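# Chains, contacts and geometry: an overview
Below are the chains, spelled out letter by letter.
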Amino acid sequence: MKKKSFSINMIVLIIWTIPFIFFLKDFFKVSELIKLFNYKLLKILYYTVLQSAISTVGAFVISLAPAYFFSKKENLLSKLLGSTIVIPFFFPVVSAIVSFSIIFSFPLLKKIGLMYSFWAIIIVHIFYNSPIYVKYLGEGLKKIPRNIIEEAEIIGAKKRDIFFKIELPILASAILKATFLVFTYCFMSFAVVLALGGIKYSTFEVAIVTSLMGEFNFSKAFIYAFIQFLFLFLFNSLLNRVGNENYELGMENKKEKKINVIILIISIFYLMFEFGVIIISVIYSFYDFFNSRFDFSAVNRVFFGDISKKFRVYSSFWNSISISFFVAFIVVIFVYLILKNKNKFISKFVVAAISISPAFLAMALLYMNILFDINFFILLFWGYLLITVPIGYSFLYQHITGFDKEIIEAAKLDGATNFKMFYYIEAPILFPVFIGTFLQLFAIIYGEFTLAYAMQVQEYVPLVSILNYSLSSRRLFKESAVISAVNIVIILSIFVISEMMISGEKKSRKEK
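What you are looking at is a predicted structure, and each value in this text was computed from that prediction instead of being measured. (Residues numbered from 1 in each chain as written. Predicted model: local features only at pLDDT ≥ 70, side-chain atom pairs only at ≥ 80, totals over all residues. Heavy atoms only, no water.)

### Details of the overall build of the protein
Applicable threshold: Every helix listed is a DSSP run of H or I at least four residues long, and every strand listed is a run of E at least two residues long, numbered separately from the N terminus. Radius of gyration: C-alpha atoms only; globule rule: 2.2 Å multiplied by the number of residues to the exponent 0.38. Relative accessible area decides the class of each residue, using a 1.4 Å probe on protein chains only: under 20% of the type maximum gives buried, over 50% gives exposed, and in between gives partly exposed. Contacts are assigned to residue pairs with any non-hydrogen atoms lying within 4.5 Å of each other. To measure how exposed things are, a 1.4 Å probe is used in the Shrake-Rupley method; for residues, cover is taken only from the protein chains shown. All tallies of charge rest on Lys and Arg as positive and Asp and Glu as negative; His and the ends of each chain are not included. Where a charge lies is defined by one atom per residue type, namely NZ (Lys), CZ (Arg), CG (Asp) and CD (Glu).
Check the secondary structure of the protein and you find 26 helices and two strands. Relative to a compact globule of 512 residues, whose C-alpha radius of gyration would be 24 Å, the protein shows 24 Å and is just as compact. Every one of the 512 residues in the protein was classed for burial, and the buried ones make up 54%. Long-range contacts, defined here as pairs at least 24 residues apart, represent 82% of the contacts in the protein between residues at least 6 apart. For the protein, the accessible area works out to roughly 25100 Å², and carbon and sulfur atoms hold 67% of it. Taking the 49 positively charged and 31 negatively charged side chains of the protein as two groups, their mean positions are separated by 3 Å.

### A short note on the environment of Thr450
Among the secondary structure elements, Thr450 is positioned in helix H24 (residues 450-455). Judged by relative accessible area, which is 11%, Thr450 ranks as buried. In this structure Thr450 touches Phe190, Glu205, Pro358 and Ala359, once residues within four positions along its chain are discounted.

### What about helix H15 (residues 261-284)?
We count it as follows: Expected span of a helix: the number of residues minus one, times 1.5 Å. Bend at a given residue is defined as the angle between two axes, one fitted to the seven residues that end at that position and one fitted to the seven that begin there. Pairs of N or O atoms within 3.5 Å make up the polar contacts considered here, provided that, within protein, one atom can donate a hydrogen while the other can accept it, and that residues adjacent in sequence are counted only when both atoms are side-chain atoms.
Its 24 residues place the ends of H15 33 Å apart at the C-alpha level, agreeing with the 34 Å of an ideal helix rising 1.5 Å per residue. Helix geometry: H15 is bent most strongly at Gly276, by close to 35 degrees. Among all positions of H15, only Ile263, Ser267, Tyr270, Leu271, Glu274, Phe275, Val277, Ile278, Ser281 and Tyr284 are buried. The N-capping residue of H15, defined by a side-chain oxygen 2.7 Å from the backbone nitrogen of Ile262, is Asn260.

### Quick word on the packing of helix H16 (residues 297-304) against helix H18 (residues 313-340)
What counts is decided by this rule: Axis lines are fitted to C-alpha atoms, over the contacting stretch for helices. Their N-to-C directions set the angle, which ranges from 0 to 180 degrees. By the definition adopted for this analysis, an angle is roughly parallel if under 35 degrees, roughly antiparallel if over 145, roughly perpendicular if from 65 to 115, and oblique otherwise.
At their nearest, the axes of H16 and H18 sit 8 Å apart, and the two run at 75 degrees to each other. As the angle between them shows, H16 and H18 are arranged roughly perpendicular. Taking contact as the criterion, the partners of Val302, Phe303 and Phe304 in H16 are, on H18, Val313, Tyr314 and Phe317.

### Describing the pattern of salt bridges
For side chains bearing opposite charge, pairing can occur when the charged atoms are close. To keep it simple, the criterion reads: A pairing counts as a salt bridge when a side-chain nitrogen of Lys or Arg comes within 4 Å of a carboxyl oxygen of Asp or Glu.
The tally for this structure, following the rule as stated, stands at five salt bridges. Between Arg301 and Glu479 there is a salt bridge whose closest N-O contact spans 2.1 Å. With a gap of 178 residues between them, Arg301 in helix H16 and Glu479 in helix H26 (residues 477-511) connect regions that are remote in the sequence. Here Lys340 ties to Glu426 by a salt bridge, and the two come within 2.9 Å at their closest N and O atoms. Within this pair, whereas Lys340 is found in helix H18, its partner Glu426 is found in helix H23 (residues 418-447), the two being separated by 86 residues in sequence.

Given below as structure tokens:
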């Protein structure tokens with residue numbers, strides 16, 4: 001077992017460090033490090049932290065009422081609120097940018113001047129990340145032991161006091177985990193900041209790409225990436241120290257018959273905000289809001305006209321789907337092996353990797369192409385692997401490490417091999433988790449933008465996320481909306497299929 005664990009450690013170490021070793025050897029310069037500690041660096045740090053903090057607090061506040069409704073009721077509205085989790089993990093970021101570009105162009109919002117503003121970034125980040133809080137908080141609230149709530153009710157505590165003084169403190173650990181995830185996504189935001197805010201609100205991720213692609217200053221990019229990594233690493237360590245107290249949660253509680261009407265209204269508006277953005281994006285692809293008429297000309301141009309050939313539309317879809325499928329499949333297997341041979345080294349190494357800048361990773365991989373002429377398909381595979389393994393690790397961690405050890409020990413006593421134990425015991429039980437994780441990783445890779453954009457692979461490996469951005473950056477918003485609509489159909493189909501497969505498997509197991 002130790003030999004196997006050592007081998008996994010070495011594979012992880014090699015895969016993660018090789019792209020950066022050659023890059024750092026040739027471009028890390030102490031003189032550049034000293035020169036960069038100036039006003040510009042402080043300004044980038046200020047805007048990055050400020051927008052991340054406001055976005056995170058905003059996402060948390062806006063999620064409180066819908067999370068409460070999601071946990072206390074069981075009806076169509078609560079199911080739809082729970083399904084908003086599809087947005088941060090499934091909805092491509094470029095599609096969200098296109099949707100908000102359309103919304104911010106409506107006459108009333110255009111007068112306010114939201115487009116290319118600091119608040120445009122905040123609104124999109126809240127839209128994108130608040131479902132994470134809804135899911136984390138809602139699932140936690142469902143499982144708070146009922147006797148704690150009943151004791152508070154007996155002494156006359158109001159529901160508002162129970163929520164803010166008892167339930168939220170109990171969920172502190174879950175809230176802090178969600179906070180790290182949301183803050184990290186906002187902190188490392190690139191496409192949203194660049195497309196809807198502009199260069200004046202540069203975050204570290206934007207500064208990294210600008211240094212690499214605009215100034216060709218690799219040393220500067222490295223220092224920005226290092227500061228970003230260090231900041232997020234320290235932030236995560238701080239949250240872990242603060243939120244290391246865990247309460248034991250129980251089974252799901254019975255649902256409440258009555259719920260405050262204000263919570264109901266806020267939840268409905270929240271749902272309209274989240275899904276309204278997606279619906280507008282789809283409708284805009286075939287309907288002209290400004291002239292109030294149906295218009296399918298963009299659909300025709302994208303799939304049968306000049307856009308199709310010029311931007312290689314069909315190749316983009318094929319490459320994105322096939323690469324996403326293959327990488328997601330490999331990552332699920334790889335993460336399973338990592339977790340089966342888990343130790344402190346791997347845990348810290350893999351979790352810390354979530355703070356690595358995709359833009360900096362892109363440049364390190366691009367440099368591997370320059371040095372060794374490695375094919376872009378392989379480099380993309382490598383990059384997506386490094387990005388998604390930490391995410392897959394967090395998705396699968398509890399399920400693999402918390403698997404009933406008594407069943408495994410009993411199988412070992414009967415002489416079962418590792419393969420038989422996996423095939424006959426773990427795989428059937430963990431099937432819904434594997435499928436769910438695979439499809440979520442597929443969607444994340446499919447919609448990933450920063451890595452592919454910074455590597456400038458579109459000429460060699462056309463991808464949908466870059467195609468969509470290319471159209472919107474040329475102000476071909478109708479054509480871009482068509483691509484977004486197709487992406488939404490693909491992603492939502494994947495989500496629905498995964499839900500059906502998971503619920504079908506659970507039902508089958510119950511019947512057995």
